[in-house]
Amino acid sequence: MADEEDELPEETELSYEQKKEIAKWFLLNAPAGEINYVAKDLKAVLSDEEVYNEAAMEAFPVYNKSHMICLEMPSRAGDVIVSSYSEITENEFLDPRTAQVAIVDHVKQICTKVRPAHDEELPSLYIEEYRYALDAEIQRYVSESYPKGISAVNCVKGKDTEGLGSDFEFVVIITAMRLSPQNFCNGSWRSVWNIDFQDESQVLDIKGKLQVGAHYFEEGNVELDAKKDFQDSTIFQSADDCAIAIANIIRHHETEYLAALEVAYSKLPDNTFKDLRRKLPVTRTLFPWQNTLQFSLTREVEKELGLGK
Amino acid sequence: MEAALGLLRRMPPKQSETALSALLSLIPQHSSDLLSQVDLPLQVLRDIESGKDFILCEYNRDADSYRSPWSNKYLPPLEDALYPSSELRKLEVEANDIFAIYRDQYYEGGISSVYMWEDDNEGFVACFLIKKDGSKSGHGRRGCLEEGAWDAIHVIQVGPEEEGMAHYCLTSTIMLSLATDDESSGKFGLSGSIRRQMKMDLAVAEGHLCNMGRMIEELEGKLRNSLDQVYFGKTREMVCTLRPPAEIVQMRLPDT
């Protein structure tokens, strides 16, 4: 039953639905790696198990997919990335590298078990050739460039293509998270690259989206939120050659982006920040507070002459 | 209550208003505590009579009206409202004028307001506020910022004068957010808030305004540097930890 009033009178309690929506909002807006801390505080504030549980059931899957969290699969098979690109059903996510499907508990953020992927969940041999080659190149790139990066290549369109004559699309995901709660600092890097293999033009259309976030909260609270979109292309070649070309393109753009971020940071103290507040006045000296008498006189004079701001 | 503050610390700084109103509706019994411990971006009202803007806060509020530091009148008009004593008002007027010049020197624009009121300990409390829009469409002189907001709230308690000395306790809060958007670095946004305190015993010889002003200038400078170097610096460190700047990586060319 929706509440039709815009403003609640002071004494009215929030409805169940309203509390749940608020709870979800807090969970969804938790910075990377902090949802469990938010959950703990939220439970204390709500003091209503039922509302929290329902909100968590709805919010965690969305959070997990948008942050592309990595869950360890049992039997040391590696990590599965939880994302909308690898989703089979709400709780099942495909790990194309090991051809397994991980069953996931979103709220606990763990992989409870794995099963082999069914044939219909996997791409055709033709597609797999391309996917596998790309996956290997990307893994190589990620292990070189990211101390703790995890990657996956999922086929999101045309996975049953048997040969030439059709388009297909891959999504390359690279994700890295660094959680240091004892140092009050957490950060995450998410790259999502869409590779569109276009048969007719024999061109690969590449679109990338990078998102970097960092949160530092020791006696204060500061957040970085940076993102950028990319566009590139290359020619449709053999599986191995495509893989190398794509990985090079990704490497090139990501490296350039990192350098640009560094530049943005280095401009902060003397340029960007200055638009908010200078370090010192133009006089390069501190403000002469003791000359208040002078200011009073200036004010008097201004008033006399009818000037004044 | 601890939990509520914890939540506020983790929510994106730009969403602090939404987060606070969500909490106020969940735990209304704690609203006065929450409101006193949490700062939100400052709001501004125009005093038509003096043709100037002034900043709104708890310290110039009575019921639903706010007192302008320029005309000393409440907007909307209010009967039986609270006013500082005439002596304190004189100091308040001077403070506003001088602080406006200080503000101009450091902020090259923006709005400032100072409010004072007597407290129970025979001293008084003063609140110095600054609001700056540093975006290129606002007062950003260099046009670097797509978005830029700086809100400073300095609350300083001044104790009674004893043997030519007075005790000053300053609590400063800075809230800021900035965002750039350009070809090479895309959308780059930093936002956050920080609060610190400073206590000093000073001679009153040069006047309260001088003492308060110097403390504010010092603490503001410290906070600015801290935000810039420590806080933003930590986020920069984090980015480099996630993906260290690469040396020139040998590009593999496709085998022909």
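Worth saying up front: this structure is predicted, and the values here are computed from it rather than measured.

1. Digging into the overall build of chain A
Counting secondary structure elements, chain A contains six helices and eleven strands. Across the 309 residues in chain A, those meeting the buried criterion constitute 50%. Accessible area of chain A: about 15200 Å², with a carbon and sulfur share of 50%. With 32 positive and 56 negative side-chain charges, chain A shows a separation of 9 Å between the mean positions of the two kinds.

2. A closer look at the overall build of chain B
Scanning chain B from N- to C-terminus turns up five helices and ten strands. C-alpha extents for chain B along the principal axes are approximately 90 × 45 × 40 Å. Considering chain B as a whole, with its 256 residues, one finds that 52% of them fall into the buried category. Put simply, 50% of the contacts in chain B that link residues at least 6 apart link residues at least 24 apart. Carbon and sulfur atoms make up 49% of the accessible area of chain B, which totals about 12100 Å². Chain B carries 27 positive and 41 negative side-chain charges, and their two centres are separated by 8 Å.

3. Some details on the interface of chain A and chain B
Often, the extent of an interface is quoted as the loss of accessible area upon association of its parts. Each partner contributes to the interface: chain A provides 86 residues, whereas chain B provides 92 residues. Summed over both partners, the interface of chain A with chain B comes to about 8200 Å²; 65% of that surface belongs to carbon and sulfur atoms. Interface area lost by chain A to chain B is led by Leu-276, Arg-277 and Trp-289 of chain A, which between them contribute 12%. Counting across the chain A and chain B interface gives five salt bridges. Linking chain A to chain B there are 31 residue pairs in polar contact (both at pLDDT 80 or more). Here the element with the most residues in the side of chain A that touches chain B is helix H5 (residues 239–272) of chain A; it accounts for 18 residues.

4. A look at the confidence of the model for chain A
Of all residues in chain A, 90% attain a pLDDT of 70 or more, and the chain-wide mean is 88. Segment residues 1–11 of chain A is flagged for pLDDT under 50; beyond a separation of four residues in sequence, or across chains, it makes four contacts in the model.

5. Side note on the sheet that holds strand S10 (residues 203–216) of chain A
Across the sheet, ten strands lie side by side as S7(A)-S8(A)-S9(A)-S10(A)-S11(A)-S10(B)-S9(B)-S8(B)-S7(B)-S6(B); this open sheet has antiparallel pairing. Every other strand in the sheet has two partners, leaving strand S7 (149–157) of chain A together with strand S6 (111–118) of chain B as the edge strands with one partner each. Sheet twist, expressed as the average angle between the axes of neighbouring strands with direction ignored, equals 10 degrees. Pairing of S7 of chain A with strand S8 (residues 168–180) of chain A involves eight bridges; the strand directions are antiparallel. When the sheet's bridge partners are listed, Cys-155 of chain A is paired in S8 of chain A with Phe-170 of chain A. Where helix H5 (residues 208–242) of chain B meets the sheet, it contacts S8, strand S9 (185–198), S10 and strand S11 (221–235) of chain A together with S6, strand S7 (124–133), strand S8 (147–158), strand S9 (165–182) and strand S10 (186–203) of chain B, and its direction lies at approximately 145 degrees from that of S10 of chain B.

6. Concerning the side chain of Asn-96 of chain B
All names here are of chain B. Mapping Asn-96 onto the fold places it in helix H4 (residues 86–107). Using a relative accessible area of 2% as the deciding quantity, one classes Asn-96 as buried. In this structure the side chain of Asn-96 is engaged in a polar contact, spanning 2.8 Å, whose partner is the backbone nitrogen of Val-114. Contacts of Asn-96, omitting those with residues within four sequence positions, involve Pro-69, Trp-70, Ser-113 and Val-114.

7. Overview of the sheet that holds strand S4 (residues 65–67) of chain B
Residues and elements named next belong to chain B. Taken together, the three strands give an open sheet; going across it, the order is S3-S4-S5, and neighbouring strands pair in antiparallel fashion. A strand with exactly one partner marks an edge of an open sheet, and here the two such strands are strand S3 (61–62) and strand S5 (74–75). In terms of strand pairing, S4 meets S5 through two bridges, oriented antiparallel. By the bridge assignment, Arg-67 is partnered in S5 with Tyr-74.

8. Brief notes about helix H2 (residues 16–26) of chain B
Restricting attention to buried positions, one finds in H2 of chain B the residues Ser-16, Ala-19, Leu-20, Ala-22, Leu-23 and Leu-26 of chain B. The buried residues of H2 of chain B occupy an angular sector of 160 degrees when projected down its axis, which confines them to one face.

9. Digging into the pairing of S11 of chain A
Consecutive side chains along a regular strand alternate between the two faces of the sheet. All names here are of chain A. Here S10 runs beside S11; their pairing, made up of 14 bridges, is antiparallel. Residue pairing across strands places Val-212 opposite Ala-226, the latter belonging to S11. What sits between S10 and S11 in their antiparallel hairpin is a turn of four residues, with Glu-219 showing a positive phi close to 50 degrees.

10. Quick look at the packing of helix H2 (residues 35–46) of chain A against helix H1 (residues 2–10) of chain B
For the pair H2 of chain A and H1 of chain B, the least separation of the axes is 8 Å and the interaxial angle reads 145 degrees. You can see that H2 of chain A and H1 of chain B cross each other, and the crossing is left-handed. Along its contact with H2 of chain A, which presents Tyr-37, Val-38, Asp-41, Leu-42, Ala-44 and Val-45 of chain A, the element H1 of chain B presents Ala-3, Ala-4, Gly-6, Leu-7 and Arg-10 of chain B. Residues that form the contact of H2 of chain A with H1 of chain B fall into these classes: eight nonpolar, one polar and two charged.

11. Regarding the pattern of salt bridges
Close approach of charged atoms allows side chains of opposite charge to pair. Residues and elements named next belong to chain B. Taken as a whole and assessed by the stated rule, the structure comprises 36 salt bridges over all chains. Taking the shortest distance from any N to any O, the salt bridge between Arg-224 and Asp-228 comes out at 4.0 Å. One end of the pair, Arg-224, and the other, Asp-228, are both in helix H5, four residues apart, so they sit about a helical turn from each other. Comparing Arg-224 with Asp-228, the two get one shared label, buried.

12. A few points about unusual backbone geometry
In this structure, Pro-76 of chain B follows Leu-75 of chain B across a cis peptide bond, with omega equal to -15 degrees. Along the chain, the position of Pro-76 of chain B falls in the loop between S5 and H4. You will see that Met-68 of chain A, though not glycine, has its phi angle at about 50 degrees, which is positive. By secondary structure assignment, the location of Met-68 of chain A is in the loop between helix H3 (49–67) and strand S1 (70–73). Of note in the backbone geometry, Asp-80 of chain B takes a positive phi value of approximately 55 degrees without being a glycine.

13. As for the packing of aromatic side chains
One pass over the full model with this rule turns up 30 aromatic pairs over all chains. Between the aromatic rings of Phe-170 of chain A and Phe-197 of chain A, the centroid separation amounts to 5.1 Å while the plane-to-plane angle is 65 degrees, which identifies the pairing as edge-to-face. Within this pair, whereas Phe-170 of chain A is found in strand S8, its partner Phe-197 of chain A is found in strand S9, the two being separated by 27 residues in sequence. An identical accessibility class is assigned to Phe-170 of chain A and Phe-197 of chain A; each is buried. Taken together, a centroid distance of 5.8 Å and an interplanar angle of 65 degrees make the contact between Tyr-107 of chain B and Trp-150 of chain B edge-to-face. Pair noted here: Tyr-107 of chain B is in helix H4 and Trp-150 of chain B is in strand S8, with a separation of 43 residues, a long-range link. The class of Trp-150 of chain B is buried, set by a relative accessible area of 0%. Among the aromatic residues, ring-to-ring pairing joins Tyr-126, Tyr-130, Phe-168, Phe-170, Phe-197 and Phe-236 of chain A into one connected group. Against the face of Trp-70 of chain B rests Lys-52 of chain B, its NZ or CZ located 3.9 Å from the ring centre.

Parameters and conventions
Residues numbered from 1 in each chain as written. Chains lettered and ligands numbered in written order. Predicted model: local features only at pLDDT ≥ 70, side-chain atom pairs only at ≥ 80, totals over all residues. Heavy atoms only, no water. Helix = DSSP H or I, 4+ residues; strand = E, 2+ residues; numbered from the N terminus. Buried < 20%, exposed > 50% of the residue type's maximum accessible area, 1.4 Å probe, protein only. Areas by Shrake-Rupley, 256 points an atom, 1.4 Å probe, with all protein chains shown as cover. Lys, Arg positive; Asp, Glu negative; His and termini not counted. Charge placed at Lys NZ, Arg CZ, Asp CG, Glu CD. Contact = heavy atoms within 4.5 Å. Buried area = accessible area lost by both parts, 1.4 Å probe. Salt bridge = Lys/Arg side-chain N within 4 Å of Asp/Glu carboxyl O. Polar contact = N/O pair within 3.5 Å; in protein donor to acceptor, adjacent residues only side chain to side chain. pLDDT = per-residue confidence, 0-100. Pairing = 2+ DSSP bridges. Axes fitted to C-alpha atoms, helices over the stretch in contact; angles between N-to-C directions. Arc of directions from axis to C-beta. Left-handed = near helix turned anticlockwise from the far one by under 90°. Nonpolar A, V, L, I, M, F, W, Y, C, P; charged D, E, K, R; others polar. Phe/Tyr/Trp six-rings, centres within 6.5 Å; stacked < 30°, edge-to-face > 60°. Lys NZ or Arg CZ within 6 Å of the ring centre and 35° of its normal.

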